[in-house]
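Remarks on the overall topology
Residue-level listing of the chains:
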Amino acid sequence: MTDKLSALEHIKADSRYLRGTIAEGLADPLTGAISDPDTKLLKFHGSYMQDNRDIRDERRKQKLEPDYQFMVRLRLPGGVLTAPQWLAMDELAERYAERGLRITTRQTFQFHGIRKEHLRDMIHGINDCGLSTRAACGDDTRNVITSVNPEISSVYDEVFGWALKLKDHVATQTSAYEELWLNDGPADPDAWKKDAEPLYGKAYLNRKYKFGFAIPPNNDIDVFNQDFGLIAIIEDGKLAGFNIAPGGSMGTTAGDPSTYPSLGDLIGFVTPDQLLETCWQSIVVQGTFGDRGDRKHARLKYTIDRNGGLPWYRDQLQSRLSFKLAPPRPYHFTHNGDRFGWVQGEHGKWHLTLSIQSGRLLDDATQKRRTGMREIARIHKGNFRLTCDQNVVIAGVDEADKAAIDALAAQYQLDEYKTASGIRKHAISCVALPTCGLAMAESERYLPTILTKMEVLLAKYDLLQEDIHFRMSGCPNGCSRPYISEIALVGRAIGRYDLRLGGDHAGERLNAVYLENTDEEHILTALDELFGRFAAEREPGEHFGDFIARVGVVVPPARRPALEYA
């Protein structure tokens, strides 16, 4: 850890609570961009500036500036939105964005290809229908995620309620968001002097901070991937409280072996009435001790590992709480990812989970899935739930309305979950090229190709219906959570990937590198051999990742030593 503050720390501290000169940059008609300091501040408002890398070189040759555009992301706790809100998002995408709607790996929508002159219209329109982009990016608490469907049972609904309370409890307080995107009149130049951030301070956090709630036996959010994971403990059918598991994060930096993926680990149990205080103070600990000099080492996992591990962290958190942390309570995860098709909740309503490849809903020459979801939203009387695996749940359907929704799903090719292979249904990818500035290789655009080739190999060994979690990332930053899957490809350069294997089916074990910086031919050759071994040597009920770890194809990394409790 360095005592010297990074340049970004100075930008944030001097930004007048996230204002910077964003307003002036948006008003400049001579460029499609805004300044570099303002691009950093814009993230706190839910947007990234990007450019189309497919045409970057050609525009450079023509002495043109890059094809600047903006991504906008919603803050959508638990991934819940109404049918009218879905239609409003669809309309905004049609008016201002490119490539339709995209479901992210944190239960929300993001929009790509928005031009600078339309950025305020886009964000204003999102807020007009009761949604927001505030703190969807940046060094703050990101979208709070939960096990997917609060309408399944009253316990799910209760946990979702706590997620909403947490979102409000740790929200940023600056009025810059309203000033830049919502107010119609001129800004008061002294408004920032009335602002205060009692939790974050003028410089906010050192890096992003993620909360997530899982409800055993389903680990459908990858709870150990969160900076501060929360595992709901259900006893006698009631919510007793939450096990807390800090220290998860997938991101690494290419070429820097001091960076690494990490899973969170248990340090205690809190009752529901202790939850908000615990989460607030967890942010205080990270804001106090997190590295503000080197952003590559600023996430909570590094704060824990650099300062003495879990015992140190538990002591720091405990010293700030008004109650004593209890030992973690027993739980058991059996499943990771989504379950597709219809399921009935305890209140009699039905819920349909659809598989959306890479979360991308668009219309093109081969399919009209965006139109299909729009038509469903027009007749749907319930809500929608976006999942962390980039899929969508049509929630709260009456028995009498199931047939109409099934018919639309079939008409618009949204029912492919019925026939898709197990690996295709459980595949995730990040956006990568052409819009992500960090991408080193293809991901979303390459996923259909590599999946089809892998399916040929799986069919060879009668494994097409085997549920295998497969994730692709265009770079080591790991937005698609590749380090926790059974099979992963992590981009190293155009056409080259690390092949990683051995994550478990419940999301409780990291995988490990099997082939480094290799091409498609070697990846497929390796998988051909391993699929064959799996088919011949697996134990009854054994999943692919567990087989890989059991027979020693790779040795998954160990987790932090478990805490001892008095």
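You'll find the structure just up there.
Heads up: these notes are all about the structure in this document. (Residues numbered from 1 in each chain as written. Predicted model: local features only at pLDDT ≥ 70, side-chain atom pairs only at ≥ 80, totals over all residues. Heavy atoms only, no water.)

Remarks on the pairing of strand β11 (residues 341–344)
Keep this limit in mind: Following DSSP output, two strands are said to pair if at least two bridges run between them. For the purposes of this entry, the term helix denotes a DSSP run of H or I that reaches at least four residues, the term strand denotes a run of E that reaches at least two, and both are numbered from the N terminus.
Pairing between β11 and strand β12 (residues 350–354): four bridges, direction antiparallel. For Trp-342, the partnering residue across the bridge sits in β12 and is Leu-352. Between the end of β11 and the start of β12, which pair antiparallel, lie five residues, with Gly-348 showing a positive phi angle near 95 degrees.

Focus: the packing of aromatic side chains
Any aromatic ring pair is given by two values, namely how distant the centres are and how the planes are angled relative to each other. Short version of the rule: Think of it this way: a Phe, Tyr or Trp ring, Trp meaning its six-membered ring, pairs with another when their centres are within 6.5 Å, and the plane angle makes it stacked under 30 degrees, edge-to-face over 60, tilted otherwise. Between buried and exposed lies partly exposed: a residue is buried under 20% and exposed over 50% of the maximum accessible area for its type, with that area taken using a 1.4 Å probe on protein chains only. Two conditions define a charge sitting above a ring: the NZ of Lys or the CZ of Arg must be within 6 Å of the ring centre, and it must be within 35 degrees of the ring normal.
Within the structure shown, the criterion is met by 17 aromatic pairs. Consider the rings of Tyr-200 and Tyr-204, whose centres lie 6.0 Å apart with planes at 20 degrees: the pair is stacked. The exposure class assigned to Tyr-200 is buried, which follows from its relative accessible area of 6%. For Tyr-204, a relative accessible area of 0% puts it in the buried group. Taken together, the aromatic side chains of Trp-86, Phe-109, Phe-111 and Phe-384 make up a single cluster linked through ring pairs. In this structure, Arg-329 packs its charged tip against the face of Phe-269, placed 4.0 Å from the ring centre. Above the plane of the ring of Trp-342 lies Lys-402, whose end atom (NZ or CZ) is 5.1 Å from the centre.

Focus: helix α7 (residues 154–169)
Rule in force here: For a helix, the expected span equals 1.5 Å multiplied by the number of residues minus one. The reported arc concerns the directions from the helix axis to the C-beta atoms and nothing else. The contact criterion used throughout is that any non-hydrogen atoms of two residues lie within 4.5 Å.
Between its first and last C-alpha, α7 extends 22 Å over 16 residues, near the 22 Å set by a 1.5 Å rise per residue. Residues of α7 that are buried: Val-155, Tyr-156, Val-159, Phe-160, Trp-162, Ala-163 and Leu-166. One face of α7 carries all of its buried residues, which in axial projection span an arc of 155 degrees. Where the residues of α7 are buried, they touch β3 (80–82), β6 (145–146), β7 (211–214), β8 (228–235), β9 (238–246) and α9 (272–289).

Re the environment of Gln-357
Heads up, the rule is: The term polar contact refers here to a pair of N or O atoms within 3.5 Å; inside protein, the definition further demands a hydrogen-donor-capable atom paired with an acceptor-capable atom, and it admits residues adjacent in sequence only when both atoms are side-chain atoms.
Of note, Gln-357 is situated in the loop between β12 and β13 (360–361). Between the C-alpha atom of Gln-357 and that of His-426, which follows or precedes it by 69 residues, the distance is 9.1 Å. In contact with Gln-357, not counting residues within four places along its chain, are Arg-424, Leu-447, Pro-448 and Leu-451. A polar side-chain atom of Gln-357 sits 3.0 Å from a polar atom in the side chain of Arg-424.

Observations concerning the side chain of Arg-374
Structurally, the position occupied by Arg-374 is in helix α12 (residues 369–379). Of the residues examined, Arg-374 reaches a relative accessible area of 16% and is grouped as buried. Setting aside its immediate chain neighbours within four residues, Arg-374 contacts Trp-86, Leu-87 and Asp-90.

Considerations on the sheet that holds β12
Convention followed: Axis definition: a line fit to C-alpha positions, over the contact stretch in the case of helices; interaxial angles, taken between N-to-C directions, run 0 to 180 degrees.
With antiparallel pairing, five strands are arranged side by side in an open sheet as β3-β14-β15-β12-β11. The sheet is open, and its two borders are formed by β3 and β11, each paired with just one other strand. Here the average twist between neighbouring strands, direction ignored, is 25 degrees. One ladder, built from three bridges, connects β3 with strand β14 (residues 383–386); its direction is antiparallel.

With respect to unusual backbone geometry
Residues Pro-216 and Pro-217 are joined by a peptide bond in cis, for which omega reads 10 degrees. Examined against the element boundaries, Pro-217 turns out to sit in the loop between β7 and β8. Put simply, Leu-433 and Pro-434 share a cis peptide bond, and its omega is 10 degrees. Positive phi outside glycine occurs at Asp-222, with the angle close to 55 degrees. Relative to the helices and strands, Asp-222 is located in the loop between β7 and β8. Its relative accessible area of 0% is what places Asp-222 among the buried residues. A positive phi angle, close to 55 degrees, is found at Ala-432, a residue other than glycine. In this structure, Ala-432 sits in the loop between β16 (427–429) and α15 (447–460). Residue classification places Ala-432 among the buried positions, given a relative accessible area of 3%.

Quick word on the packing of α9 against helix α11 (residues 309–318)
Definition in use: Helix crossings fall into two classes, left-handed where the near helix is turned counterclockwise from the far one by less than a right angle and right-handed where it is turned clockwise. Here the nonpolar group is Ala, Val, Leu, Ile, Met, Phe, Trp, Tyr, Cys and Pro; Asp, Glu, Lys and Arg are the charged ones; every other residue, Gly included, is treated as polar.
Across the interface, α9 lies against α11 with an axial gap of 9 Å and an inter-helix angle of 120 degrees. In the packing of α9 onto α11, the handedness of the crossing is right-handed. Packed against α9, whose contacting residues are Thr-278, Gln-281, Ser-282, Val-285 and Phe-289, the element α11 presents Trp-312, Tyr-313, Gln-316 and Leu-317 at the interface. Each residue belonging to the contact of α9 with α11 can be placed in one class, and the counts come to five nonpolar, four polar and no charged.

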